[in-house]
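Examining the three-dimensional arrangement
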Amino acid sequence: MPNKLIKTLTPNYPALTDRVVFAVLIGVATFIRLPFFFRDYIDRDESTFILMGQSWVDGHLPYTELWDLKPPITFLFFAGIIYVFGKSFLAIRFFGTLLVASTAFFTYKIGGLTSSKKIGFWAAVGAVVLQSMFGSIQGVMSEHLCMAFFMPALYLLIKSRSVVGHLGAGLLMGLAVMTKLNIAYAVLFVAVYPLHRHFIRKEYYKGLGMPAVYGLGILTIVLLTFLPYYWEGRPEVWWKSVVLASLEYAGARRYSIANLAPTFLVLGLFFFFTWKKRYLNYRNANIQILVVAIVGVVFSFAKAGRINSHYLIQLHPLLIVLVAIFASRLSFLKKWDYRPYLLFLLPLLPVESYLEYFAITRNKIEKGTFYNGEGITVPEYLGEHYPSEKNVLFLGYHIGYWPMDAAPPTMAATHPSNICRNELFPYFDNPRKTAVQELEYLMREVRPKIVVIRKGRMIFDDVLEAENRYINVFLRQHYKLRATVDQAEIYQRLE
């Protein structure tokens, strides 16, 4: 019986069609991510993207009413969904699932070109899992959108030798860069790779012409994001927010390079071992371009000085192809029928999803809705007790502005952590120079009637002693705790 079940569930890899593979990837991605469709927020960055997208729908270009450190295509994605579907967490998370499946599909296509359909299929399934589990990546991150452009662009560069193919790849790479600027290093490295290869072969026309076409596609997208600001007579807003602020942020390293060492060491050992043992053929052009792209992504991590969990979304769809090829060539896996164990373990893998399915079911029974989280329950409480109040400062759960039809009180407060990024203030012409000055302005001039913070947690990072001390003292002196809603504390101003 187990053997029959294994044979039934094992795909006929040579007969796989693109349509079937994409349907499987959509199914796997939806199963893993579905229970998270109903959360108010999963990562605070996603909440900020939603607020920026809503501001654009309301008629304000990014960086003119609200401000955040991402290129404009990220906000355009959210704005487009909000414009069509309204304020729908469900729609945003569904389209995020499509992004994950699309990225994984092109992982499958690249794996098929580099090795086989079997390798590509399992690499794609792994890509879905690695983009959907572990940490706070069940939401829609800028990295998800970035890789949904980057992977098909890389596929075009691998498969196509035509001008049209390189132009298409360039346009997609331009979208990737204008979604997540750090990917520009990988985009540049990938451009230099064929330049080097063609010159070795003395193919000078291709060596110069194809990268030029590729670069033209990238520049076209960059220019298109710049034009709205030029037409409004505010080109400096784009330049300072998209380019200069990102360079400043990358240079303002907050962590030691030692924190990056484990990741770099593991990758280095993997490449050395697979080269030494000849598990990977590094003379293969497809493997070379994957390695070049990986090096570009890792180089961007080094420049940023940090590797947050969601940063790895940019690494996994590339690396998983090489890992799958390596695993397929291990002799003990060839001799050992591991499929019964795989059949048992795979359904156990998405533990986070099962826990979330349980949580939303319990929430439905107790509260009558699958939707949950302080970004939903706090606005409901405020709507009941302070129905006309819009002067609210969310120092936690700032997605709460969205259902309240409110906006952050200052550009720096769009994302609560931006309040403490003094180095970025000049790039959106903030008249305050330090985080404490920004807090003083918020609390003494804006004078929010309601302040919302996270229960039992520091308001800002624990290393920000002056900022935490100021806000904690001010809340004690001028505010009173009125309610605790789930894990949010709601303070009302006394005077």
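First, a word on scope: everything that follows refers to the structure included in this document.

Conventions used here
Residues numbered from 1 in each chain as written. Predicted model: local features only at pLDDT ≥ 70, side-chain atom pairs only at ≥ 80, totals over all residues. Heavy atoms only, no water. Salt bridge = Lys/Arg side-chain N within 4 Å of Asp/Glu carboxyl O. Buried < 20%, exposed > 50% of the residue type's maximum accessible area, 1.4 Å probe, protein only. Core = buried A, V, L, I, M, F, W, Y, C linked by side-chain atoms within 4.5 Å. Helix = DSSP H or I, 4+ residues; strand = E, 2+ residues; numbered from the N terminus. Contact = heavy atoms within 4.5 Å. Expected span 1.5 Å × (residues − 1). Arc of directions from axis to C-beta.

Under the defined criterion, the tally for this structure stands at 9 salt bridges. Residue Arg432 is joined to Glu438 by a salt bridge in which the shortest nitrogen-to-oxygen separation is 3.0 Å. This pair shows no difference in class: Arg432 is buried, exactly as Glu438 is.

Okay, the nonpolar core next. Counting 149 residues, the largest nonpolar core has Phe150, Ile183, Leu318 and Leu382 as its most contacted members. With 12 residues, helix α7 (residues 142–159) is the single largest residue contributor to this core. When sequence neighbours within four positions are dropped, the list of residues in contact with Leu318 reads Met147, Phe150, Met151, Leu154, Leu290, Ala293, Ile294 and Val297.

Here we come to unusual backbone geometry. The phi dihedral of Tyr63 falls on the positive side, at around 80°, and the residue is not glycine. Within the secondary structure layout, Tyr63 lies in the loop between α3 (44–57) and α4 (72–85). Residue Tyr63 is classed as buried on the basis of its relative accessible area, which comes to 3%. Of note, the phi angle at Tyr397 is positive, near 55°, even though the residue is not glycine. Among the structural elements, Tyr397 can be located in the loop between β1 (392–394) and α19 (435–446).

Along the chain, the position of Phe326 falls in helix α14 (residues 316–328). The buried category is assigned to Phe326, whose relative accessible area is 16%. Sequence separation of Phe326 and Glu384 is 58 residues, and the distance between their C-alpha atoms is 58 Å. Ignoring anything within four residues of it in the chain, the contact list for Phe326 reads Phe270, Phe273, Thr274, Tyr279 and Leu280.

Right, let's talk about helix α20 (residues 465–478) for a bit. The terminal C-alpha atoms of α20 lie 20 Å apart, and with 14 residues this matches the ideal 20 Å at 1.5 Å per residue to within 8%. Looking at α20, one finds that the buried residues are Glu467, Asn468, Tyr470, Ile471, Phe474, Leu475 and His478. The arc that holds the buried residues of α20, viewed along the axis, is 165°, so those residues lie on one side. The exposed residues of α20 that point more than 90 degrees off its buried face are Glu465, Arg469, Arg476 and Gln477. Where α20 is buried, its residues contact α19, β2 (450–454), β3 (479–485) and β4 (488–493).

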